Amino acid sequence: MAKRKALITGITGQDGSYLAEYLLGLGYEVHGVVRRVALEDQKHRMWRLKGCLGQIELHCGSLESYPSLYQIMVDVKPDECYHLAAQSFVAYSFEDEFTTLNTNINGTHYVLSAAKMACPECRIYFAASSEMFGKVEEVPQKETTRFHPRSAYGISKCAGFDLTRNYREAYGMYASSGILFNHESPRRGYEFVTRKISSTAARIKLGMADKLYLGNLEAKRDWGHSREYVKAMHLMIQQDTPDDYVIGTGETHSVKEFVDIAFGELGLDPGEYVEIDRKFFRPAEVDLLVADTTKAERELNWRYDIPFEDLVMEMVRSDYEYLKKN
Ligand code: F7E
């Protein structure tokens, strides 16, 4: 029997790399869209894929170029497409709203339209985000909670969500959105707060840094593990009918709690090293995100059971071991 083919945009990122490994394990033929700069600088841009580079096929393309995405859809004819690529750093979306909106909204539109033209039977997963809930209208948040985004990033994800739903309703395509809450891992980018904390704590322990400068320590997030969340992405588009699902842990923790566990794990007192820098505060903050995953549990049979402390400790230990060796 022919293998099922999956195409992943954003395959070089945290989620893309875990998803590629997971799908390979399930017997999929895995294809990825990468920018030319990534192909030219594999050491820095493809480190997350080093475990599976020989088993996947990469295609040059960009979210800014409809023709490149269309051509990839024609060449690959995927059975499933996971659209994960985006400008995903919320803080940056305040500095450059225009690039964030153009890349994220047009990029999603191009992926949907290219699939409709080249392979209309392809099942599409769109990476929506808890940032769409923004100034939350209820706690916890579920699929029916009204969106109130608080950044250009959140707005771009609302538009992508609506586009995805409209391709489903208007053109009968199989297109689902996963409304994922924050998800982290040792593969997280260094600009996100969890990895900034774990990597800087490790550097302080090893005498490579003196201080950790952070913004709002009281901000709260529902932080889960990326490796578990990619399984939910796959499950979502195996259902009989396309739909949208909230994925999270159902627990919320503050940035300060993350700091305390991370520093504690290395035997460091955060009071000595952590300082507040106003430049890391955002013009508008999302204060209390926490997921209600009742629907995903009921319909996808998806469960999450990694304690928050284990996630923090895994990230800190990984950074510490890596830095010690290198
Ligand atoms: O910030 C606070 C900051 O940048 C988390 C993306 O994957 O999840 C992610 O977005 C919180 C915020 O992630 C610093 O104010 C304090 O409240 O790690 P983050 P995010 O903005 O929540 C959602 C679901 C996505 O979809 C996004 O793509 O931490 N914070 N001090 C800080 N944040 C950063 N980055 N740096 C600080 O120094």
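Residues numbered from 1 in each chain as written. Predicted model: local features only at pLDDT ≥ 70, side-chain atom pairs only at ≥ 80, totals over all residues. Heavy atoms only, no water.

Before going further, it helps to spend a moment on the overall build of the protein chain. Across its full length, the protein chain carries 13 helices and 13 strands. Computed over the C-alpha atoms, the radius of gyration of the protein chain is 19 Å, within 12% of the 20 Å expected from 2.2 N^0.38 for a compact globule of 326 residues. Viewed in the frame of its principal axes, the protein chain has a C-alpha envelope of about 60 × 45 × 40 Å. Within the protein chain, buried positions represent 53% of all 326 residues. Charge centroids of the protein chain, computed over 40 positive and 48 negative side chains, lie 3 Å from each other. (Helix = DSSP H or I, 4+ residues; strand = E, 2+ residues; numbered from the N terminus. Rg over C-alpha atoms; globule rule 2.2 N^0.38 Å. Buried < 20%, exposed > 50% of the residue type's maximum accessible area, 1.4 Å probe, protein only. Lys, Arg positive; Asp, Glu negative; His and termini not counted. Charge placed at Lys NZ, Arg CZ, Asp CG, Glu CD.)

Our focus in this paragraph is the site of the ligand. In the region of the ligand, 24 residues are neighbours, and Ser88, Ser129, Lys196, Arg282 and Glu285 sit closest. Within the side chain of Ser129, a nitrogen or oxygen atom sits 2.7 Å from an oxygen atom of the ligand. Looking at the shell around the ligand, the elements with two or more residues in it are α8 (193–205) and β8 (212–214). In terms of residue class, the shell around the ligand is made up of 11 nonpolar, 6 polar and 7 charged. The residues that make up the shell around the ligand include at least three from each of domain 1 (5–183 + 224–247) and domain 2 (190–221 + 251–289 + 306–325). (Near = heavy atom within 4 Å. Polar contact = N/O pair within 3.5 Å; in protein donor to acceptor, adjacent residues only side chain to side chain. Nonpolar A, V, L, I, M, F, W, Y, C, P; charged D, E, K, R; others polar. Domains from an automatic or database assignment.)

This part covers the domain arrangement of the protein chain. If you check the domain split of the protein chain, you get domain 1 (5–183 + 224–247) and domain 2 (190–221 + 251–289 + 306–325). Between the C-alpha centres of domain 1 and domain 2 the distance comes to 27 Å. Contacts between the two partners involve 20 residues from domain 1, matched on the other side by 14 residues from domain 2. Taken together, the two surfaces of domain 1 and domain 2 that pack against each other cover about 1,500 Å², and 64% of this comes from carbon and sulfur. Inspection of the region where domain 1 meets domain 2 yields 2 salt bridges. (Contact = heavy atoms within 4.5 Å. Buried area = accessible area lost by both parts, 1.4 Å probe. Salt bridge = Lys/Arg side-chain N within 4 Å of Asp/Glu carboxyl O.)

Right, let's get into the environment of Asp292. Inspection of the secondary structure assignment puts Asp292 in the loop between β13 (274–276) and α12 (294–300). With near-sequence residues (within four places) excluded, Asp292 lies in contact with Pro140, Gln141, Lys142 and Val246. Looking at Asp292, its side chain comes within polar contact range of the side chain of Thr294, at 2.4 Å.

Turning to the packing of aromatic side chains, a few remarks are in order. For the structure shown, the criterion picks out 15 aromatic pairs. A centroid spacing of 6.1 Å and a plane angle of 40° characterise the contact between Tyr82 and Tyr125, whose relative ring orientation is tilted. Here Tyr125 lies in strand β5 (residues 123–129) and Tyr82 lies in strand β4 (residues 80–83), a separation of 43 residues in the sequence. Accessibility assignment for this pair places Tyr82 and Tyr125 in one class, buried. Taken together, the ring pairs connect Phe133, Phe147, Phe161 and Phe181 into an aromatic cluster. Over the ring of Tyr174 we find Arg123; its NZ or CZ atom is 3.9 Å from the centre of that ring. The ring of Tyr245 has Lys295 sitting right over it, with the charged end atom 4.9 Å from the ring centre. (Phe/Tyr/Trp six-rings, centres within 6.5 Å; stacked < 30°, edge-to-face > 60°. Lys NZ or Arg CZ within 6 Å of the ring centre and 35° of its normal.)

Counting 35 residues, the largest nonpolar core has Ile8, Val30, Tyr82 and Tyr125 as its most contacted members. Put simply, the parts of the chain that give this core at least two residues each are β1 (5–9), α1 (14–25), β2 (29–34), β5, α9 (226–236), β11 (244–247) and α12. Those residues in contact with Tyr125 that lie beyond four places of it in its chain are Cys81, Tyr82, His83, Leu84, Ser176, Ser177, Gly178, Leu180, Met233, Met236 and Ile237. Within the second largest apolar cluster, 26 residues are counted, among which are Leu214, Val255, Val312 and Leu323. (Core = buried A, V, L, I, M, F, W, Y, C linked by side-chain atoms within 4.5 Å.)

Further remarks concern the packing of helix α10 (residues 255–265) against helix α13 (residues 308–325). Interaxial distance between α10 and α13 falls to 9 Å at its minimum, and their mutual angle equals 55°. With respect to their mutual orientation, α10 and α13 come out oblique. The handedness of the crossing between α10 and α13 is right-handed. Residues Glu257, Phe258, Ile261, Ala262 and Glu265 of α10 form the contact with α13, whose participating residues are Phe308, Glu309, Val312, Met313, Met315, Val316 and Arg317. Here the contact of α10 with α13 is built from residues that sort into 8 nonpolar, no polar and 4 charged. (Axes fitted to C-alpha atoms, helices over the stretch in contact; angles between N-to-C directions. Parallel < 35°, antiparallel > 145°, perpendicular 65-115°, else oblique. Left-handed = near helix turned anticlockwise from the far one by under 90°.)

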